[in-house]
Structure formats: C-alpha cells, structure tokens
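If you want the building blocks of each chain, they are given just below.
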Amino acid sequence: NIIARGREDTNTNMRLKLPITCFILEIILIILFGVLVEYDKETDARKWHHSNHSEYDNDFYYRYPSFQDVHVMIFIGFGFLMTFLQRYGFSSVGFNFLIAALALQWATLMQGFFHGMHGGKIHVGVESMINADFCTGSVLISFGAVLGKTSPVQLLVMAVFEVTLFAVNEFILLSLLGTKDAGGSMTIHTFGAYFGLMVARVLYRPNLHKSKHKNSSVYHSDMFAMIGTLYLWMFWPSFNSAITAHGDDQHRTALNTYYSLAACTLSTYAMSALTAHDGKLDMVHIQNAALAGGVAAGTAGEMMLTPFGSMIVGFLAGIISVLGYKYLSPILESKLKIQDTCGVHNLHGMPGVMGAIVGAVTASLATKEIYGDGLIQIIFCLGFIMKLPIYGAPSDASCFEDSIYWEVIESVINWYPVLSIEMTVHKYNYGISCKKTEFFLFVWFLISF
Amino acid sequence: NIIARGREDTNTNMRLKLPITCFILEIILIILFGVLVEYDKETDARKWHHSNHSEYDNDFYYRYPSFQDVHVMIFIGFGFLMTFLQRYGFSSVGFNFLIAALALQWATLMQGFFHGMHGGKIHVGVESMINADFCTGSVLISFGAVLGKTSPVQLLVMAVFEVTLFAVNEFILLSLLGTKDAGGSMTIHTFGAYFGLMVARVLYRPNLHKSKHKNSSVYHSDMFAMIGTLYLWMFWPSFNSAITAHGDDQHRTALNTYYSLAACTLSTYAMSALTAHDGKLDMVHIQNAALAGGVAAGTAGEMMLTPFGSMIVGFLAGIISVLGYKYLSPILESKLKIQDTCGVHNLHGMPGVMGAIVGAVTASLATKEIYGDGLIQIIFCLGFIMKLPIYGAPSDASCFEDSIYWEVIESVINWYPVLSIEMTVHKYNYGISCKKTEFFLFVWFLISF
Amino acid sequence: NIIARGREDTNTNMRLKLPITCFILEIILIILFGVLVEYDKETDARKWHHSNHSEYDNDFYYRYPSFQDVHVMIFIGFGFLMTFLQRYGFSSVGFNFLIAALALQWATLMQGFFHGMHGGKIHVGVESMINADFCTGSVLISFGAVLGKTSPVQLLVMAVFEVTLFAVNEFILLSLLGTKDAGGSMTIHTFGAYFGLMVARVLYRPNLHKSKHKNSSVYHSDMFAMIGTLYLWMFWPSFNSAITAHGDDQHRTALNTYYSLAACTLSTYAMSALTAHDGKLDMVHIQNAALAGGVAAGTAGEMMLTPFGSMIVGFLAGIISVLGYKYLSPILESKLKIQDTCGVHNLHGMPGVMGAIVGAVTASLATKEIYGDGLIQIIFCLGFIMKLPIYGAPSDASCFEDSIYWEVIESVINWYPVLSIEMTVHKYNYGISCKKTEFFLFVWFLISF
C-alpha cells in the first residue's frame, strides 16, 4: 500500500513519547486537583442548601446553555475548521481533541490560582468551566498557526506553557488593569494568535515546500471545514456573552455579536470575489474571514455598542481579514519567516487587535507599557524548548500528513474494491502483454535478421 | 485540470457584480440600522435596570436556547440539507450562508416596521432575532426550489424581495386576520414554498437536461445532507416553540412537535420502501419527507393538539410527502414547467397547507379572499426581475456546478498524488509502448514485404 | 454498474416487510397514545394556569436545553459514531434514525406504565421526553453490537422487545431497589451493552469473514464518525445531568462528567499509542474509548464525587476501554462467538459496570440476586425470535453493505464523469490495441514461417 506506509520515520514513532507525556501530565493534574480543587457554593450540596435560594437562582440555569455552545465551538468548531487540509483530517480533529482535553484541566488550575483562591482552594462551577474552555480556545488558535508541522507531544508541551502564560496575561489585563474583555478579543484571540505566530516563527522550516502539495484542500475536506466554520459562526453570540453579567448584559452581547457576524459575512463574500482574478469565491476566505466579526465584537460586545456600531465593526473586520489572507500572509511567510498554516493572524490577530481598539483604546495602550518585552521573550524561550529534537516532529517532507501519527487505511484501495482490483489486474495484464509483445517483437526482430 | 476549468463563461464572472451588490446592500442596511434600530427594554442597560426585575426574568433566559437551535437549523440544517448534489456542495452551504446573513438583517427592519415601531424606532432583542431567523428560513426554502440554477447575485435580489413580501404577508395573517401561527406552517413554510415554486416557474429552463448528470447525489454528498436533515429534525421542537408564550405553551409545543416528527419518520420509511420497485429506501425521501411532521405541526403545535393528534398529523404528513416526491414532482416539471430541485413543494408546500388546515381552517379560507391574486402577481413581477440577464446566472449546461462560482481544486488529482501520478505515468507508458509497438510492427510489416 | 447492483437477494427485499411492520407498529402506537397519554401539569394549559406558578418555574426551562443536547447525542451522536464502516453509512445513520423514532414512542408508553400512571393515564412532558430518549440510547447501544448484520425489520422487532425489558429493568433497579442512577451507567449502558451482546451471540455468523473486507473504515468514513464521537463527548455532561434534581445536583453532575471525560481522553490517547506496534494512534480507540469516562461517571456523577474522584474514574475507564478493544474483543469473537461490530462491550459494557461499582456497590450486588437468570433467558428468547428467517437479514457475504437496503449511486462513476469516461475509453483502447497487436503478431508469426 503505497501511501499508507508513507515515509516511515523512527523519530516520529509515538509508542513511548506520547503515553509517557500523557500519563505524567494527567497524574500531576489528578494530584493537584485532589489537593487544590473543591466545589463552589453552587455545585456543593451542603453549601447550596445551606443558603436560602430558589433553585432557578443557580448559575447553572444562566450559563450552562452558553457553556455547551462554547464547548461545541472548541471541539467541533476549531476541530473541523482545521480539517481543510487534504491529508490531515485525523490530526486536525484528533490533536485538537487531545490538547483541548489537557488544556481545559490545566486552565482550571492556572485560572483558579490567579482569579483568587478561597482558603487555599480553587472553586469550580459552570463559570470556571467556561473560562477553562476560553483558555483552551486560545491554545487552539495557536495550534492553527503551526498546524501540520508539529508532533502531538510538542503540542502538549505548547499547551501547558500557553495556558500558564494565558492565565498570567489574563490576570494582568483583567485584574491589574481592570480591562473589560468578556468576549476575549485581547485575552483570547490576540494573545492566542500572536503566541502561535511567534511559535511558528521559531519553528520556521525553510524547506517546507517539500510538502507543499499536501498543504491545500480538496473538495471534501473543504466541506468538513465548513462544519467547523458554521458552528463557530452560529455560536459566537454565546461565546461573547457566556461570562458577561446576568440579565441585559448577556442579552445585549449576544445581539451585538449576531449583527456583527451578519455584516462581516457580506463584506467577506464581497472581498473574496473582488480580490480573485476571475471573480470566483475562495473557500479559505469564507471559512475564516466570515468569523472575524465575532472576534472584533469580543471586547465591545457587552457595551452599548448598538446594532449599528456592531455592523460597522463586523463589516470592517471582514474586509481586513480577507485582505490579510490575500496580501499579508504571503509577506509574513517570505519576509518574517512565519508559516501560518491557518492564517490565524488574519482571523484572530488583526480582528482581535481591532476589537481591543474598538473596546478599550486606553487599556490597549497601557498594556504595552506594563509588559515591555517580557512576554515576548518568554514565548521565544518556549519556542526554543519546542524546537528540541525530542518530540518526534515530522520531517519537512512529511508535514501535513496523517499517516505518520495515525493508522490510515487508504480509501482508494478499499472504497471501490471490485473496481480497483479489476483495474489493477487489467492494467498489469496490459502492461505485461505489452511488454511481452515488445520483447517478443524484439526477439523476432533479431531472429529475422 | 479537466473538470475544474469547467465551462468558463464570462457572464458568470462575479468579480464586480457580487462585491457591488453586497457592498451596496450592506451599506444601506447599516445606515437604516443607524437611523431606525435601538435596543428593547431587555437589552438596554438603562431601561432594564430602571424597572424592577429579577435577572432571570429577562426574556434571554426563556428564549435564547431555542434561538440557538433555530440558528443551527438555518445555517447547518438548511445549508447541509442542500449539499446532496454531487458538485454543488460549496454553493449549497456557501450561498445559504450568504443569503441568510443578508436576509436576517433585512428581516429585522421589515418585520420591525410591520410589527409596530416604538416612537419611530424598531426594537431588537432575542424575539426579533428569532423572528428574523424565521423569515430567513422562508427565503432558504425558496432557495431550495431554484437550487443550482441561479447566481449568488440573483439570490440576493430574491432575498430582498422575498423578505419584504414575507413581512407583508405575516402582517396580514397575524395582525389583520389574527391567525395564530407560532411554528409558521403558513407564514414560513407555505409562503416560502409557493414563492420558490413561482420563481422556479418563471426561471424555467427547457434545456436543463444538459446538466442532468450533475443533478443527483453521490454517496458522500448524501451523508453530508443527512447532517442537515438530522439537525432540522432534532431542533424542530425548538423551532415551533421558540416564540410561543412562556410556560406551558413553549413546553407543549415542543412536546407535540416531538411526537409528530417521530410518527412522521416511521411513515416515511414505510412509504419509501413501498413506492420503490425493489423495496430499497431512497435517501431523497428520508432526507426530506421525515421532516414533514415538523412543518405540519407548525400551526397547531401550540394548541391542545395532544400527542395523539400530533402523531396522526405527522403520520399523514410523511405519507403525503413521499407520495409527492414519487408522483407529483415529475408532473410539476413536465406539466407545470416547475423544476423544483429540492422538492420544496413536498416538504414545505403540501405539509404547510396541511398544517394550516389542521390549525386554522377558517383563517386559511379567509386568506384567499383578502389576497385575491395580488400576491401572485407581485411574485411573478419579481420572477421577471430575476430573469434579467444581468446577474450572471449559469448556462443550462453548467447548472448544479460549483466551479463556475468557486475555486475548486479537484480531489481525484490531489487526494492520491502518488498513486494518480503513478497511474498516469504507467498509463501513458503503456499507451506509448503499445502505440510504439504497433508502429514498429507496421514498419516491420512494410519492410518484410 | 458493478458495485451498486451488488448481490441482489430476493430475501432482503423490503418492499412489503418494512412498510407492513412500520404501519402496524405506528398505528398501534397512535391508538395506545389516544387511549393512555395526556399532558402533565406543566404542559396542559388548564392545569398549569390553575396553580399559582411563575412562568420560569415550568420544568421546561430547567430541562429543555439538556433534553436538546441528549436528543443530538441520540440522533447525531450514535448515528454518526456508527458511520465508520466504509459501505454502511446510509444504514448506520438511517436505521439509527428509524429505530430511535420508534423506540422513543414505545418507551414513553412502557416507562409511563412502570413509573406510575395517574388515574389510568400516562403523563408526558420534558422529563418523559428525556427518559424516552435515554431508553432509546440503550436500544442504539445494542444496535452497535449487531451493526451491519441485521435487516431494518429485525431491528424494529429488537427495539420493541428491548424497550419493554428496559422499562422492567429500570423499574426493578430504581423503584424496587431504590438505586440512584441518573446517568444510567446501569440502566442504560450496562443493560444496552449486554442485551446487544447476547443478541449478537444468538445471531452468530460463522462465515462472517465473507464480508470481512467491508467491516472496516476508510478515511472519510472515519471523519464522519468523529462527528458522532465529539457530539457524544461534548454533550455527555448534559446526558448525565438531564434528570438529576434541580439546582446544585444538575450543576455538579455536569461538572463531574466534564472532568471525567477530559481525563479519559488523555488516557485513551496514551493507551492507543502504547498498544500499537508502531506507536500510531488508532481511530477506533479515539472514537470510542475517549467516551468511556462519560459512561463510568453515569451513576456517581450526581454524588459528591469531586472533580478529583471524577478524573480518576475517567482515567481508568479510558485505559480499560482501550485494552478491551485491543485484547478482549478478539477473544469475545473467537471464544464466546460474539461478533461485536462497534465494540459496545468496551465502550458501554465494562465502563458501565465500573460506573455501577463506583456508584453503588451494594445495589449492584443485590441486582444479581433478584434477577437470577430470568432476564438472560428472556433475552435469549428474543434472540431466537430475531433469528427467524422472515426479516430479510443480509447473507454472510452482503453484511456491512448499504446497497442491499438503499438506492446507492456509485460515486466513482458519477463524481468524475469526464475523467472516468476518458480513462475507461483509453483503457479499453490500449487493451484492444494491445490485443490486436498480439493477434496481429501471432498471425505474422504464423505467416512468416
């Protein structure tokens, strides 16, 4: 079987690396959860019944439906959005699943630690679940930048570092600077995008063109990616409103995001046709840029932005994002040596910055002053850690390829068993008969003389 | 690349037509929203906190989960239901996405205008979002009737007209006649279906048989379509109950729809096997007719229909719908010259009428009297507007084909790069060697004599 | 068309068998619903408005979002999880749809009967809808064990019997023994799995190897199956919490299940790489074993298990489940003659027992004493009923094949019409020219001498 065997590489063998990493991380997590985590007053039977509440006062009923929408965005939305690559569907969905499952546990601990402990304990409930999923979203954005070029172990290491830095960054922005950022334009999207871009920079592969033919989509893979796109698009109002205040805040945030996304979709289609040489729509734009309206409405969505303001924000975000895919991404790769597989700079980076500016110009400016270059230096350090040759990363020629990490049965052989066998048999018959004929003829030729 | 180049047609080039249409429409929308739209009392921070409410009294908590289910039906449900065509997946999902994003904005304005302005302003909140999505559903039903035969610009024009007429029709039915139609058997399904059928009639193509080979499904496209079917089926209880009164009404409507759909599914499977010459189930029936129970329970679902009544309604709707696909659709095409790609007459038309009869015989009869033929005349006018040769509609031979509006990379070439190249090389080798052999033999033959 | 015609078998013709079965069952259901079922006090307009409630006190607002999540698990989750087979996608999703639609109606009656009638009437509302979906889940688990080897009529018969026994078993466990099992580790998963395994045992096919080449996945079918997996994974917190008590109970159950699943995912990936000879991840494990954490947290999830306890449970469930797929399934087939297509023993059987032990050791022990072997004998009887040669079950060589029950248009022919025709033509040209050449040469050879 020609393709499935692929390019075997003992380095990419995960037989021991992956189990050891997973087991160690999970056992550490379980121990820390045992020591540090306890139910909050809405999930603990004693505490809840102790106080005098109506049952519908439990935060579960305010937030759980939004949590489930966010959960779908994390696992289906991000997971399937990245399946656009022709030979990387298992890895896109599968590694997304793995690192999200790790990140949400680690995020519970890190965010609990920075959001304030209660008598030495981290309290968990539906709000901590949403926050953990948010932090996970940030890791998955970074995953998009390095998609196809890393091993699962590398991704787990990245997730652990990124979640930790995410919690620090979130603490600085929300607690120290008092910024409001319910939908995470800054904390989730901008952070996740630039983190991912810096990692991609450090992991720059000059010879990536060797797997260029796999770094593109096919008809069906684009259809699967649209599942991801649409779930992200539909549930983005829930994402932005999930942790805003009860009542009008949640209501207004969902409404604003809804209009921002609708306007963004129209400008995305317009720009996609306009920037194509033959007026044909490009699936890359539709799958990604149409979501920029949600990112850009992240910070200001909970404010009295009005539907009018939201639509302007979304409209501009779509235009910027398509232009980014068309003109900026090639420059990022050629000049800055950043190979951004999913174009997260165009979907999360620029619209995230735009959202932060729309939402809170002052806070955004103050940020730079506080961070200095500390954060960037830390991320570069992580990059070099990730570059160590111990993780079983794929070679340049086997990037964007499932079969190095997954058991892949080839469809062309199995889908049409009768037909393909028949073809093969005939082909070889022809081949052999032709060659026999030629040989025969040659012999005859010799004899003749 | 043989197929992807397809039949190039300068007329279908969307380079300027689509961007200009999108930009003009969106800018008009933004201006109108700026002038006319404001938050309602549940989404406006001042108004909400001014009055004395509990937070859980906000309509958001009563309706937002249902809204999200409806939203999934509009974008995933309708979008993927139409991906059954083998070469029209991008357009089905992508144009569905585009026209839905436009329609929900335009519907907010039109419905706000007819539902009553508040001091010259249209109030928006979760209820207006649900209503806008409902109106969008109607446009998408009409899209189903003309699927594969229109350009995106044509669809945008259709959406603007249809949304406007929808709001007028809804105003007449609900406000003037006082009909109750929470699930929209009449306002959404019957209206959307007959609107679409009339447009399809005007756009009749006598030579559509030229693209007949593309007007069918393949194995994978039917699997994608089942995603759409199941989401519509599962969330139909939310669709019908989304804007009914709080409390027992929402609860009862969801329950009735649930039983109607379950009974409909059994009669659909039964009829599909019964009407096939060899007893084999037909995916067209399963994908569509199994949903007729939701349509038929739209009007009466909120009433005290009882599960017993709901099941009878669903059971009959499934039977009628399969019979429609089997016997009526061919007649519609041959006799009435209506080429109904998705069979919306069988899924939304007849079950919608049935639902209206079940729900409100009197109102349904009164309707005809009021409308006269005015509505039909308006729709025919629209049809002729849509028939103008300015929109870049596909030629008869390039209907049901993605590659005229989308960048399509062919899967057969890219999926199995090694194999296909290898095959090609061998094939040509054989070809050449055979031809060489023949030539050689011919020469030899000549020489021999 | 070579494949589509497949192996025609008059026995598998469903032209009359399926419609008769569906119509009889549905008419019986409608009559029984008419006689026995009425709205409960939360869905009946008079009863609800009679008592003095706030509208948000209606159980609809507590449970409907969870119900919709469960509904998605039943129809998309179970349906798509089983599409991993290369040639059985229509049947997996389609028969899942059919038997679920039947089972939820029959379950409403059976559970209503055993849960206590109200003045001779069965009361229905959102809680009965959730319970009916749960019971349906159990039938779909059993379907997984016999997937590909049964006719739809056989499955409908199985569903009727299994739902009835499910209600009896649930009555014994929950009402007589007073066990708590909100997430159904025992009532749903363990019952469904062992019921399915016993049916699979009775339906043992010694010559199943004849369709061995179809009993495996291909690239795209594994992608579709991941849709099922992820929806089950994401919504399992809703599944386990859907019918627990209002307030902290629902909240805590969702939280515990969330952590159990996250830990389970990490141990699943670790074990999948560890048990593979080349360290490559196996899609079978990821698709199934990663869900074992939800099954195992079913009984104890509502208790004060703590996130720490949940993670330990999930972690172990993942390990057990992968080991089951790797080492136990082959033994079950070779020694016990149980051909478990989906490996439900590993996903639902063992983790279900584990969940029951974690949740209630005592109850679990008491169970055996009460049942004796009665239940097993009844299931074996059903097995023999299902083995009667009247249902049109597929022959050994046509198992795992859609085309015996569905109209299947072959993709290879239709997807690439131009290319495939071209290839065919060329191929035959070569073939003919080669053969002509050979013949010519042979004649020449003869003449020459």
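Residues numbered from 1 in each chain as written. Chains lettered and ligands numbered in written order. Predicted model: local features only at pLDDT ≥ 70, side-chain atom pairs only at ≥ 80, totals over all residues. Heavy atoms only, no water.

For chain A, an unreviewed UniProt entry supplies the name Rh family B glycoprotein and the organism Neolamprologus brichardi. Under the UniProt heading Function (unreviewed entry), the entry covering chain A gives this text: "Functions as an ammonia transporter. May play a role in the elimination of ammonia in the gill." (UniProt positions renumbered as here; feature names shortened; annotations may be inferred.)

Caption draft 1: Quick look at the overall build of chain A. Looking only at helices and strands, one finds 18 helices and two strands in chain A. Counting all 449 residues of chain A, 67% fall into the buried class. Counting contacts in chain A only where the partners sit at least 6 residues apart, residues at least 24 apart contribute 83% of the total. For chain A, the exposed area adds up to about 14,300 Å²; of that, 67% sits on carbon and sulfur atoms. (Helix = DSSP H or I, 4+ residues; strand = E, 2+ residues; numbered from the N terminus. Buried < 20%, exposed > 50% of the residue type's maximum accessible area, 1.4 Å probe, protein only. Contact = heavy atoms within 4.5 Å. Areas by Shrake-Rupley, 256 points an atom, 1.4 Å probe, with all protein chains shown as cover.)

Caption draft 2: The arrangement of the packing of helix H4 (residues 59–81) of chain A against helix H4 (residues 59–81) of chain C in detail. Here H4(A) crosses H4(C) at 15 degrees, and the two axes come no closer than 10 Å. Regarding the angle of H4(A) to H4(C), the classification is roughly parallel. Crossing of H4(A) over H4(C) shows left-handed handedness. Contact with H4(A), carried on its side by Tyr61(A), Tyr64(A), Pro65(A) and Gln68(A), involves Tyr61(C), Tyr62(C), Pro65(C) and Asp69(C) of H4(C) and no other residues of that element. For the contact of H4(A) with H4(C), a count of residues per class yields six nonpolar, one polar and one charged. (Axes fitted to C-alpha atoms, helices over the stretch in contact; angles between N-to-C directions. Parallel < 35°, antiparallel > 145°, perpendicular 65-115°, else oblique. Left-handed = near helix turned anticlockwise from the far one by under 90°. Nonpolar A, V, L, I, M, F, W, Y, C, P; charged D, E, K, R; others polar.)

Caption draft 3: Representation of the UniProt feature "transmembrane region" (unreviewed entry) in chain A in the model. Residue and element names in this part refer to chain A. Sequence positions flagged by UniProt for "transmembrane region" (unreviewed entry) are, in local numbering, residues 20–39, 70–90, 97–117, 129–148, 155–177, 183–204, 216–236 and 308–328. Overall, residues 97–117 shows 86% helix and 0% strand. The separation of its end C-alpha atoms is 29 Å. Segment residues 155–177 splits into 96% helix and 0% strand. End C-alpha atoms: 31 Å apart.

Caption draft 4: Spatial organisation of the environment of His49(B). You can see His49(B) is positioned in helix H3 (residues 45–50). For the pair formed by His49(B) and Ala297(B), sequence separation is 248 residues and the distance between their alpha carbons is 39 Å. At a separation of 3.2 Å, a polar atom in the side chain of His49(B) contacts the side chain of Asp248(A). At a separation of 3.0 Å, a polar atom in the side chain of His49(B) contacts the main-chain carbonyl oxygen of Ala45(B). (Polar contact = N/O pair within 3.5 Å; in protein donor to acceptor, adjacent residues only side chain to side chain.)

Caption draft 5: Seen up close, the environment of Ser321(C). All names here are of chain C. Mapped onto the elements of the fold, Ser321 is located in helix H13 (residues 306–334). Put simply, Ser321 and Thr268 are 53 residues apart on the chain and 8.0 Å apart in space, counted from C-alpha to C-alpha. Those residues in contact with Ser321 that lie beyond four places of it in its chain are Ala289, Ala292, Asn346 and Leu347.

Caption draft 6: Layout of the pattern of salt bridges. Counted by the stated rule, this structure contains 33 salt bridges over all chains. The salt bridge involving Asp249(B) is made with Arg252(B); its shortest N-O contact spans 3.7 Å. In this pair, Asp249(B) and Arg252(B) are both assigned in helix H10 (residues 248–275), three residues apart and thus about one turn of the helix distant. Linked through salt bridges whose partners overlap, the residues forming this network are Asp59(A), Arg63(A) and Glu127(A). (Salt bridge = Lys/Arg side-chain N within 4 Å of Asp/Glu carboxyl O.)

Caption draft 7: Representation of unusual backbone geometry. Non-glycine residue Lys337(B) carries a positive phi angle of around 55 degrees. Within the fold, Lys337(B) resides in the loop between helix H13 (306–334) and helix H14 (344–359).

Caption draft 8: The arrangement of the nonpolar core in detail. Counting residues in hydrophobic clusters, the biggest one holds 392 residues, and the most contacted among them are Tyr231(A), Trp406(A), Tyr231(B), Trp406(B), Tyr231(C) and Trp406(C). For Tyr231(C), the contacting residues outside a window of four places in its chain are Val72(A), Ile76(A), Tyr231(A), Tyr231(B), Val72(C), Met73(C) and Ile76(C). (Core = buried A, V, L, I, M, F, W, Y, C linked by side-chain atoms within 4.5 Å.)

Caption draft 9: Fine view of the packing of aromatic side chains. On inspection of all chains with the given rule, the structure shows 75 aromatic pairs over all chains. A centroid spacing of 4.6 Å and a plane angle of 10 degrees characterise the contact between Tyr219(A) and Phe90(B), whose relative ring orientation is stacked. Remark: Phe90(B) occurs in helix H5 (residues 89–114) and Tyr219(A) occurs in helix H9 (residues 219–241); the pair is interchain, linking two chains. Overall, Phe90(B) belongs to the buried group, its relative accessible area being 1%. Directly above the ring of Tyr219(A) sits Arg87(B), whose terminal nitrogen or CZ lies 5.6 Å from the centroid. (Phe/Tyr/Trp six-rings, centres within 6.5 Å; stacked < 30°, edge-to-face > 60°. Lys NZ or Arg CZ within 6 Å of the ring centre and 35° of its normal.)

Caption draft 10: The confidence of the model for chain A, seen in detail. Residue and element names in this part refer to chain A. On average, residues of chain A score 84 in pLDDT, and 84% of them are at 70 or above. Counting interchain partners and residues more than four positions distant, the pLDDT-below-50 stretch residues 411–434 has 43 contacts. As scored by the predictor, the complex reaches a pTM of 0.87 and an ipTM of 0.86. (pLDDT = per-residue confidence, 0-100.)

Caption draft 11: Region of the structure containing H4(A). Residues and elements named next belong to chain A. Over its 23 residues, H4 extends 31 Å from the first C-alpha to the last, a length consistent with the 33 Å expected when each residue adds 1.5 Å. The principal kink in H4, of about 35 degrees, is found at Met73. For H4, the tally of buried residues reaches 23 of 23 residues, placing the bulk of the element in the interior. (Expected span 1.5 Å × (residues − 1). Bend = angle between axes of the 7 residues up to and from the residue.)

Caption draft 12: View of the side chain of Asp44(B). Residues and elements named next belong to chain B. Along the chain, Asp44 falls in the loop between strand S1 (37–39) and H3. A relative accessible area of 7% places Asp44 in the buried class. At 2.9 Å, the side chain of Asp44 forms a polar contact with the backbone nitrogen of Arg46. Among the polar contacts listed, one links the side chain of Asp44 to the backbone nitrogen of Lys47, at a separation of 3.2 Å.

Caption draft 13: Spotlight on a nonpolar patch on the surface. The grouping of Leu16(A), Ile20(A), Ile24(A) and Ile28(A) at the surface amounts to a nonpolar patch, some 380 Å² of accessible area in total. Judged by relative accessible area, which is 49%, Ile24(A) ranks as partly exposed. (Patch = residues over 30% accessible without salt bridge, like charges linked within 9 Å, V, L, I, M, F, W, Y side chains within 5 Å.)

Caption draft 14: Region of interest: the packing of helix H2 (residues 17–36) of chain C against helix H7 (residues 152–176) of chain C. Residues and elements named next belong to chain C. Here H2 crosses H7 at 25 degrees, and the two axes come no closer than 9 Å. By the angle between their directions, the pair H2 and H7 is classed as roughly parallel. When the axes of H2 and H7 are compared, the crossing they make is left-handed. Residues Lys17, Leu18, Thr21, Cys22 and Leu25 of H2 touch H7, and the partners they reach there are Pro152, Val153, Leu156 and Val160. Of the residues assigned to the contact of H2 with H7, the class counts are seven nonpolar, one polar and one charged.

Caption draft 15: Molecular detail of the state of the cysteines. A full pass over the atoms with the stated rule returns zero disulfides over all chains. With no disulfide of its own, Cys135(A) lies closest to Cys22(A) among cysteine sulfurs, the gap being 18 Å. A residue is classified by how much of its surface remains accessible, and Cys135(A), at 0% relative accessible area, is buried. Free of any disulfide, Cys264(C) has its nearest cysteine sulfur in Cys22(A), 12 Å distant. Given a relative accessible area of 0%, Cys264(C) falls into the buried group. (Disulfide = S-S within 2.5 Å.)

Caption draft 16: Main features of the environment of Leu85(B). All names here are of chain B. In this structure, Leu85 sits in the loop between helix H4 (59–81) and H5. For Leu85, a relative accessible area of 1% translates into the label buried. Leu85 sits 139 residues away from Phe224 along the chain, and the two C-alpha atoms are 9.9 Å apart. Non-local contacts of Leu85, meaning those with residues more than four positions away in its chain, are made with Leu147, Lys214, Asn215, Ser216, Ser221, Thr341 and Phe400.

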